[in-house]
Amino acid sequence: MTLRMQISKKVEQLAPSGIRAFFDLVLGMKDVISLGVGEPDFVTPWPIREKAIYSLEKGYTSYTSNKGMPELRRQITHFLKHHHHLDYDPEEEILITVGVSEGLDLAVRAILNPGDKVLIPEPCYVSYGPVVELAGGEAVYLKTDVSNGFKLTAKQIDQAARKGVKALMINYPANPTGTSYCKAELQEIAKVVLKHDLLVLSDEIYDELTYDFEHTALPSLPGMKNHVIYLNGFSKAYAMTGFRLGYACGPEKIISAMTKIHQYTMLCASITAQIAAQEALKTGFKDVQIMKREYARRRRFIVEGLNSIGLACHNPEGAFYVFPSITNTGQKSLDFAKNLLQKKKVALVPGVAFGKSLDGHVRISYASSYENLKEALSRMAGFLGR
Amino acid sequence: MNEILEVLANDARLSPQEIAKLTGKKVAEVEREIKKYEKDGTIVKYKAVINQDMIREDKQLVRALIEVGITPQKDVGFDAIAERIYSFPEVASCYLVSGAYDLLVVVEGDSLQTVANFIASKLAPLEAVQRTTTHFLLKKYKEDGQVFKKNQQGKRLNISY
């Protein structure tokens, strides 16, 4: 048996990544200014880190309940009630996961039968398609483009759903575009979801980083609670990416099914992270607001800066990404990224990583200091001959 | 805090043009507001924060915190005596505090001797000063929110989804 034959067909067929080699190139290079990072440039606020250290000193090193520590579940549901008008039972309707990534994987595995179709916006976070395919489902991509700010429309979902679809994945504010939806837009989407009796996997990990309006949680809309698996976590708002802590909320039946998979495959999220998260909910909100204000300023700066050097860039509503067009350079996104890296030592992520139709874009993360953004923009201007 | 002040408090070198870009305000508006703050004393001055420990000179600055007990004066309370004290150039900071003493005075000098002399000859003999307790500073870890440690490298991977 050759090594190749030992790998499952499904895994073998997962889109290989030309991007991987580019990532290795970036990681192997020194003195790079990186606008390619998908996590906050802030360190986890000290009170949260200190709590984690304290828990280790006190010997909290065991497993926890599969669903997650009861106190953490209570705190999260309480927070959701007061911040997002969501009403979840801490015993039956929430599961603590290892980041939203695990939550998403559990959700698709819990709901999909072989061949079930899942609607996914394009561009989207890189794992959406693969987790659906690994779970035996079929990913159906709904293309969005800059003409309407990379937003899915109710009409688009309505048309696609007529062909028999089980679920819809949505992420707002979104990685890689920063796009988000206001309440009125979500209400339109909710109508179609209810009309076609769809399940929505709503990844709202960037919710706290919404700049132009209040974030509306999808399950808070009338009639939507039973149609949404709500996914969120601590990584982006509290700068806790490495803690790997998220949660999934939804109808009891689905959460229970997800918990079944979770208990066999993951057992539980790390106790250190769960204790740290409790502290985040107790004391971290002020830090979230400070970080949010800083991101909002950088967003203004980078959007204007990119447009002024000739990379057309829409003004996204949230997260810490912008997704400018590079079509006027005549280069494909991977080539553009490689050239920029080699000539000017600025790293960013080629748009093609987020969907085949996005080869005319690059993702720029402004989770980087103002000084870095300024220097990177000036290097890019040089690269473009402006 | 007003956003212009928030931004300037973090980096006083930002130009009105840059601040306008960051805050979404018009340049003229930013200039007008800064001028107003300078005029009404909200913005006192612009200066660099220097880590004295990094300066390799023969004489390093010696700093002492002095707790000063005061007899307040009729009508003017602590203000008059505070002014007499903080007007000495050796006094870097001066605060009125609650608790076991009244004024917390930070004194700077280029040697232990200079600081000690200042206390013995200038501060302690003042009529309203009842007593002083002096603490020489050994190391500055953090001041006004700034940690005095060389830049730490970021620990993130340079690229990730």
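Data block above holds the structure.
Residues numbered from 1 in each chain as written. Chains lettered and ligands numbered in written order. Predicted model: local features only at pLDDT ≥ 70, side-chain atom pairs only at ≥ 80, totals over all residues. Heavy atoms only, no water.

Side note on the environment of Glu375(A)
Thinking step 1. Following the sequence through the fold, Glu375(A) ends up in helix H14 (residues 370–383).
Thinking step 2. The spacing of Glu375(A) and Val346(A) is 29 residues in sequence and 9.4 Å in space, taken between C-alpha atoms. (Helix = DSSP H or I, 4+ residues; strand = E, 2+ residues; numbered from the N terminus.)

Description of the packing of helix H2 (residues 16–23) of chain B against helix H3 (residues 27–39) of chain B
Residue and element names in this part refer to chain B.
Thinking step 1. At a minimum axis distance of 8 Å, the contact between H2 and H3 shows a crossing angle of 115°. Judged on the interaxial angle alone, H3 and H2 are roughly perpendicular. Between H2 and H3 the crossing geometry is right-handed. Every residue of H3 that contacts H2 at Pro16, Gln17, Ile19, Ala20 and Thr23 is listed here: Val27, Val30, Glu31 and Ile34.
Thinking step 2. Residue composition of the contact of H2 with H3, by class: 6 nonpolar, 2 polar and 1 charged. (Axes fitted to C-alpha atoms, helices over the stretch in contact; angles between N-to-C directions. Parallel < 35°, antiparallel > 145°, perpendicular 65-115°, else oblique. Left-handed = near helix turned anticlockwise from the far one by under 90°. Contact = heavy atoms within 4.5 Å. Nonpolar A, V, L, I, M, F, W, Y, C, P; charged D, E, K, R; others polar.)

Side note on the pairing of strand S2 (residues 94–97) of chain A
All names here are of chain A.
Thinking step 1. Burial along S2 is two-sided: Ile94 and Ile96 and Leu95 and Thr97, pointing in opposite directions, are all buried.
Thinking step 2. Sheet analysis places S2 next to strand S8 (residues 246–249), joined by 4 bridges and oriented antiparallel. Bridge pairing in S8 links isoleucine 94 to cysteine 249. (Buried < 20%, exposed > 50% of the residue type's maximum accessible area, 1.4 Å probe, protein only. Pairing = 2+ DSSP bridges.)

So, the interface of chain A and chain B
Thinking step 1. Counting from both sides, the interface comprises 35 residues of chain A and, opposite them, 17 residues of chain B.
Thinking step 2. Taken together, the two surfaces of chain A and chain B that pack against each other cover about 2,100 Å², and 53% of this comes from carbon and sulfur.
Thinking step 3. Among the residues chain A hides against chain B, the three largest losses belong to Arg297(A), Arg300(A) and Tyr370(A). Together they make up 27% of the total.
Thinking step 4. In this structure, the connection of chain A to chain B is made through 4 salt bridges.
Thinking step 5. Notably, a salt bridge pairs Glu18(B) with Lys374(A), separated by 2.7 Å at the nearest N-O pair.
Thinking step 6. Linking chain A with chain B are 15 residue pairs in polar contact (both at pLDDT 80 or more), by the criterion used here.
Thinking step 7. Among the secondary structure elements, those contributing two or more residues to the side of chain A that touches chain B are helix H3 (18–27), helix H12 (285–308) and H14 of chain A.
Thinking step 8. Class assignment of the residues belonging to the side of chain A that touches chain B gives a composition of 19 nonpolar, 6 polar and 10 charged. (Buried area = accessible area lost by both parts, 1.4 Å probe. Salt bridge = Lys/Arg side-chain N within 4 Å of Asp/Glu carboxyl O. Polar contact = N/O pair within 3.5 Å; in protein donor to acceptor, adjacent residues only side chain to side chain.)

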